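Breakdown of the fold
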Amino acid sequence: MEWLGHLFEKYPEMAVYLAIGLGYLIGGLKFRGAGIGAVTGSLLGGILIGNFFHVPVSDTAKSILFLLFLFGIGYSVGPSFFRSMKGDGWRWGVLGIFVPFVGLITAYVVARVLKLDLGFAAGLLSGSLTESPAIGTASEAIRGLAMDDAQKQQLISHIAVADAVCYIFGTAGLIWFCSSLGPKLLRVNLREEAKKIESNLGLKRTKLGITPAWQPIAMRAYAIAAGGKIVGKNR
């Protein structure tokens, strides 16, 4: 194992690739039809590797990869962002403000009760809400504080630790709440409600977990250019 540690110190990118590979392997595991996914799996893979090996990652590499992560999110949702805000989109906008606000207040109260430092408090917020961008915001805020560099680096390292721990529970807790506790609070039987929706949509299952792609009725719309030969015809 020692030779592997030296290899990771010389080529830290290999540790990254290994963490991603482990992430897809762990994320692909299912328990009663539910899994944690490749993102949380990669986080667990990174925790396992970091627990046994020292993998040096420069601050520049962290910043670049983090900015690429933010760019990827923005680029993927950009084409549909303004279109989705039309009509009833304001409801999702309000929900997008309400949930982080409640999470911020909750994290603040918990951090004060447990007497967590700034790093652990920021990691608690980012991990529990599974909002990794908060790591970069908190790190930049800590770098601007009037304290020595060693203390700043310690607080920033605490962010990553708390985020990794809380991210796991934030993901697993969400799955558990939506599949178990939430329906019980609303007094809803998910299995029966899912069957009702399938029946209303005309979906029929031949095997458990398999829905046929073929449907007896389909609709397709075409945009006809002005002055086209088909304009005014009903056949």
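Residues numbered from 1 in each chain as written. Predicted model: local features only at pLDDT ≥ 70, side-chain atom pairs only at ≥ 80, totals over all residues. Heavy atoms only, no water.

Looking at the overall build of the chain
To be explicit about the condition: Here a strand is any run of E in DSSP of at least two residues, a helix any run of H or I of at least four, and the numbering for each starts at the N terminus. Relative accessible area decides the class of each residue, using a 1.4 Å probe on protein chains only: under 20% of the type maximum gives buried, over 50% gives exposed, and in between gives partly exposed. By definition, residues are in contact when any of their heavy atoms lie within 4.5 Å. Working definition of accessibility: Shrake-Rupley area with a 1.4 Å probe, residue cover restricted to the visible protein chains.
Within the chain, the regular secondary structure consists of nine helices and zero strands. Listed by position from the N terminus, the elements making up the chain come as α-α-α-α-α-α-α-α-α. Out of the 235 residues in the chain, the part that is buried amounts to 19%. Look at the contacts in the chain between residues 6 or more apart in sequence, and 53% of them connect residues 24 or more apart. Carbon and sulfur atoms make up 68% of the accessible area of the chain, which totals about 18200 Å².

A closer look at the side chain of S126
As a reminder of what qualifies: Definition of a polar contact: a pair of N or O atoms within 3.5 Å, with one able to donate and the other able to accept a hydrogen when the atoms are protein atoms, and with sequence-neighbouring residues admitted only if both atoms are side-chain atoms.
Inspection of the secondary structure assignment puts S126 in helix α6 (residues 118–128). In terms of polar contacts, S126 uses its side chain to reach the backbone carbonyl oxygen of G123, at 3.2 Å.

Examining the environment of Q153
With respect to the element layout, Q153 can be found in helix α8 (residues 149–186). Here Q153 falls in the partly exposed class, since its relative accessible area comes to 40%. Residues Q153 and G119 lie 34 residues apart in sequence; the distance between their C-alpha atoms is 9.5 Å.

Thoughts on the nonpolar core
Short version of the rule: Joining through side-chain atoms within 4.5 Å is the link that ties buried Ala, Val, Leu, Ile, Met, Phe, Trp, Tyr and Cys residues into a set, and such a set is a nonpolar core.
Among the nonpolar cores identified, the biggest contains six residues, and these are A122, A138, I142, L155, I156 and I159. Among the secondary structure elements, those contributing two or more residues to this core are α7 (133–143) and α8. Residues contacting I142, with those up to four places away along its chain left out, are G119, K152, L155, I156 and I159.

Describing the side chain of S139
Counting through the fold element by element, S139 comes out in helix α7. With residues up to four places along the chain from it excluded, the contact list for S139 reads I156 and I159.

Notes on the pattern of salt bridges
Charged atoms that come close allow side chains of opposite charge to pair. The criterion, for reference: Whenever a carboxyl oxygen of Asp or Glu lies within 4 Å of a side-chain nitrogen of Lys or Arg, that contact is scored as a salt bridge.
According to the stated counting rule, one finds two salt bridges in the structure shown. E140 is the salt-bridge partner of R143, the closest N and O atoms lying 3.1 Å from each other. With R143 and E140 both in helix α7 and three residues apart, this pair spans about one turn of that helix. The class for R143 is partly exposed, based on a relative accessible area of 33%. In this structure, K196 and E193 form a salt bridge, with 3.8 Å as the shortest nitrogen-oxygen distance. Taken together, the residues span about one helical turn, with K196 and E193 both in helix α9 (residues 190–200) at a distance of three residues.

A word on the packing of α6 against α8
For clarity, the threshold we go by: Axes here mean lines fitted to C-alpha atoms, for a helix over just the part in contact, with angles spanning 0 to 180 degrees between N-to-C directions. For classification purposes, angles smaller than 35 degrees are called roughly parallel, those larger than 145 roughly antiparallel, those between 65 and 115 roughly perpendicular, and all remaining angles oblique. Note: crossing handedness is left-handed where the near helix turns anticlockwise from the far helix by less than a right angle, and right-handed where it turns clockwise. Only Asp, Glu, Lys and Arg are considered charged in this grouping, and only Ala, Val, Leu, Ile, Met, Phe, Trp, Tyr, Cys and Pro are considered nonpolar; every other residue, Gly among them, is considered polar.
Axis separation between α6 and α8 bottoms out at 6 Å; the angle between their running directions is 30 degrees. Considering the angle they form, α6 stands roughly parallel to α8. Regarding α6 and α8, the two cross each other, and that crossing is right-handed. From α6, L118, G119, F120, A122, G123, L124, S126, G127 and S128 reach across to α8, where they touch L155, H158, I159, V161, A162, D163, C166, Y167 and G170. Looking at the contact of α6 with α8 residue by residue, the class counts come to 10 nonpolar, seven polar and one charged.

Description of unusual backbone geometry
Of note, K115 is a non-glycine position whose phi angle comes to about 60 degrees, a positive value. Within the secondary structure layout, K115 lies in the loop between α5 (89–114) and α6. We classify K115 as exposed; its relative accessible area is 76%.

Structural notes on the packing of α7 against α8
Taken N-terminus to C-terminus, the directions of α7 and α8 make an angle of 165 degrees; their axes are 9 Å apart at the nearest point. The angle between the axes of α7 and α8 places the two elements in the roughly antiparallel class. When you trace α7 past α8, the crossing you get is right-handed. Across the interface between the two elements, I135, A138, S139, I142 and R143 of α7 pack against K152, L155, I156, I159 and D163 of α8. Of the residues contributing to the contact of α7 with α8, the split by class is six nonpolar, one polar and three charged.

So, helix α2 (residues 12–27)
The following threshold applies: Each residue after the first adds 1.5 Å to the expected span of a helix. What the arc covers is the set of directions going from the helix axis to the C-beta atoms.
Look at α2: 22 Å from first C-alpha to last across 16 residues, which is about the 22 Å you get at 1.5 Å a residue. A15, A19, G23 and G27 are the residues of α2 that are buried. Considered in projection along α2, the buried side chains sweep an arc of 95 degrees and stay on one side of the axis. Along α2, exposed side chains directed more than 90 degrees from the buried face belong to Y17, Y24 and L25.

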